[in-house]
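# Working through the structure, step by step
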Amino acid sequence: MTQGPLTTEAGAPVADNQNSETAGPGGPVLVQDQALLEKLAHFNRERIPERVVHARGAGAYGTFTLTRDVSRWTRAKFLSEVGKQTETFLRFSTVAGNLGSADAARDPRGWALKFYTEEGNYDLVGNNTPVFFIRDAIKFPDFIHTQKRDPYTGSQEADNVWDFWGLSPESTHQVTWLFGDRGIPASYRHMDGFGSHTFQWNNEAGEVFWVKYHFKTDQGIKNLTAEEAVRLSGVDPDSHQRDLRESIERGEFPSWTVQVQIMPAAEAATYRFNPFDLTKVWPHADYPPIEIGRLELNRNPENVFAEVEQSIFSPAHFVPGIGPSPDKMLQGRLFAYGDAHRYRVGINADHLPVNRPHATEARTHSRDGHLYDGRHKGAKNYEPNSFGGPVQTGRPLWEPVPVTGGTGNHVTPLHPEDDDFVQAGNLYRLMSENEKVRLIDNLAGFISQVSRDDIAERAVGNFRQADEDFGKRLEAAVQALRGR
Ligand code: HEM
């Protein structure tokens, strides 16, 4: 900030910032005290709406370095040469808590990563889990309502959570993951990240591949037990945010090894699981992860509100060579985020320093709106024009995807080995005995809080379908806690 006296927003010097202007020493305050009125009015407008989900978070800038030639799968320029570096901004978050909530919650962690590429910003808006609770965007608002505060009690209610999960058996895989050891990471640095959805990569020749992204933490996985998390939430609610900032301040830059799973387009139709179902993983034995790069976080934001609260990420922000898949959840998200940004930050949100492209510039004919900064100066605001404005390229970012059948509210198609429980059961059977004990304790502790037996029984029934032993032990644990 430049030197000089304190001023009003209009730059005029302020004479007194301790005493407001009154009619005589003991009299009422005068309307002509504009420094006071402006200060109070500005204060009243400090908050913007918090994110409807993922409100609580922290972010940092970093660098992505490509370590493997992937040009046979994608023509994205930032993925074109081994050794190439791209600036990034990553915002971590929890999902359900409000802006001031404690970091050490049992909740998925958001993983919103912006690549500032020379072909525009590419956003990968994932989580620290490879799967999700539901597979159709139409269920998302209902799902989130059950995670947030009840309209009557104003608190999160076990009844709502388990009622919804019990009636949405496709959630069984993600819920098993969430109540296992990885459900409460020790910090944002000690967890993996995932793009979660399947995305399209396409190469120069127009060939299509389906891809899943994995970011494996180089710090090692570290988690909190339920008891440790309760304690930490009390003594240091900002534990994850503080850990991230302080480690970067110390010069200990957290990093992740970036991997992809690649499926040639022709294999999707006959794969044993529906490859566009977000409640499923592609087992590594089917599509082994391939290491392609390294992500390092190395710079803290200077201003949390400007750079973290006002940061925006959209699954619809693609670059040439990368596109969406037919995953119904992803398709819903392509709409939801831009809409949220226009409401939460405003129509010119894309042009704030953290959000605008850093390695190229935005060239559109859209103009004006709330807080427009005049960046287009006198350039024409229509197209086609005869004045040399920007024009279309003629090549879509992604390749066409063949479709069949009539329109309709279709259920997501099942592939030969698909059901809602198979991968949840596999995950349970992979766990050590101690992990199983903790998983069942965590689940039973929460399920036992519901007010109705039918809700508890239906919830337990889903885990029984995943694995007989899982269901039996959980049922016994819930009954013991409910005193029957
Ligand atoms: C159809 C389902 C979904 C809908 C409608 C939805 C909607 C939203 C909305 C409206 C926001 C707030 C955006 C903002 O105000 O800037 C948000 C944030 C977020 N969502 Fe989703 N979401 C969905 C599913 C998912 C899934 C499956 C994932 C991860 C795999 C995910 C990850 C995130 C993350 C990481 C953020 C925080 C972004 C940030 O840091 O600014 N969401 N979501």
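Look above for the structure.
Keep in mind the model is a prediction, meaning the values are calculated, not measured. (Residues numbered from 1 in each chain as written. Predicted model: local features only at pLDDT ≥ 70, side-chain atom pairs only at ≥ 80, totals over all residues. Heavy atoms only, no water.)

## Observations regarding the site of the ligand
Looking at the ligand, there are 25 residues lining it, with R51, R91, R333, Y337 and R344 nearest. Taking R333, its side chain carries an N or O atom lying 3.3 Å from a nitrogen atom of the ligand. In this structure, a nitrogen atom belonging to the ligand sits 2.7 Å away from a side-chain N or O atom of Y337. Listing elements by their share of the shell around the ligand, those giving two or more residues are β3 (109-117), β4 (120-127) and α8 (328-344). With seven residues, the single largest contributor to the shell around the ligand is α8. For the shell around the ligand, the class distribution of residues is 14 nonpolar, seven polar and four charged. (Near = heavy atom within 4 Å. Polar contact = N/O pair within 3.5 Å; in protein donor to acceptor, adjacent residues only side chain to side chain. Helix = DSSP H or I, 4+ residues; strand = E, 2+ residues; numbered from the N terminus. Nonpolar A, V, L, I, M, F, W, Y, C, P; charged D, E, K, R; others polar.)

## What to know about the nonpolar core
In terms of nonpolar packing, the biggest core is built from 40 residues, with W162, W165, F179, L443, I447 and L474 touching the most fellow members. If sequence neighbours within four positions are ignored, I447 has contacts with W162, A456, A459, V460, F463, L474, V478 and R482. One finds Y122, M191, L297 and L330 within the second-largest nonpolar core, a separate group that totals 38 residues. (Core = buried A, V, L, I, M, F, W, Y, C linked by side-chain atoms within 4.5 Å. Buried < 20%, exposed > 50% of the residue type's maximum accessible area, 1.4 Å probe, protein only. Contact = heavy atoms within 4.5 Å.)

## What to know about the pattern of salt bridges
Applying the stated criterion across every chain yields a total of 35 salt bridges. D163 is the partner of R458 in a salt bridge, and the nearest nitrogen-oxygen pair spans 3.7 Å. Taken together, the residues R458 in helix α11 (residues 453-466) and D163 in helix α3 (residues 158-167) connect sequence positions 295 residues apart. With its nearest N and O atoms 3.0 Å apart, the salt bridge here joins E252 to R250. Residue classification places E252 among the partly exposed positions, given a relative accessible area of 41%. A residue is classified by how much of its surface remains accessible, and R250, at 49% relative accessible area, is partly exposed. (Salt bridge = Lys/Arg side-chain N within 4 Å of Asp/Glu carboxyl O.)

## So, the coordination of the iron atom of the ligand
There is one protein donor for the iron atom of the ligand, namely Y337 (OH), at 1.7 Å. Among the structural elements, Y337 can be located in helix α8. (Donors = N, O, S within 2.8 Å, 3.2 Å for Na, K, Ca; no water.)

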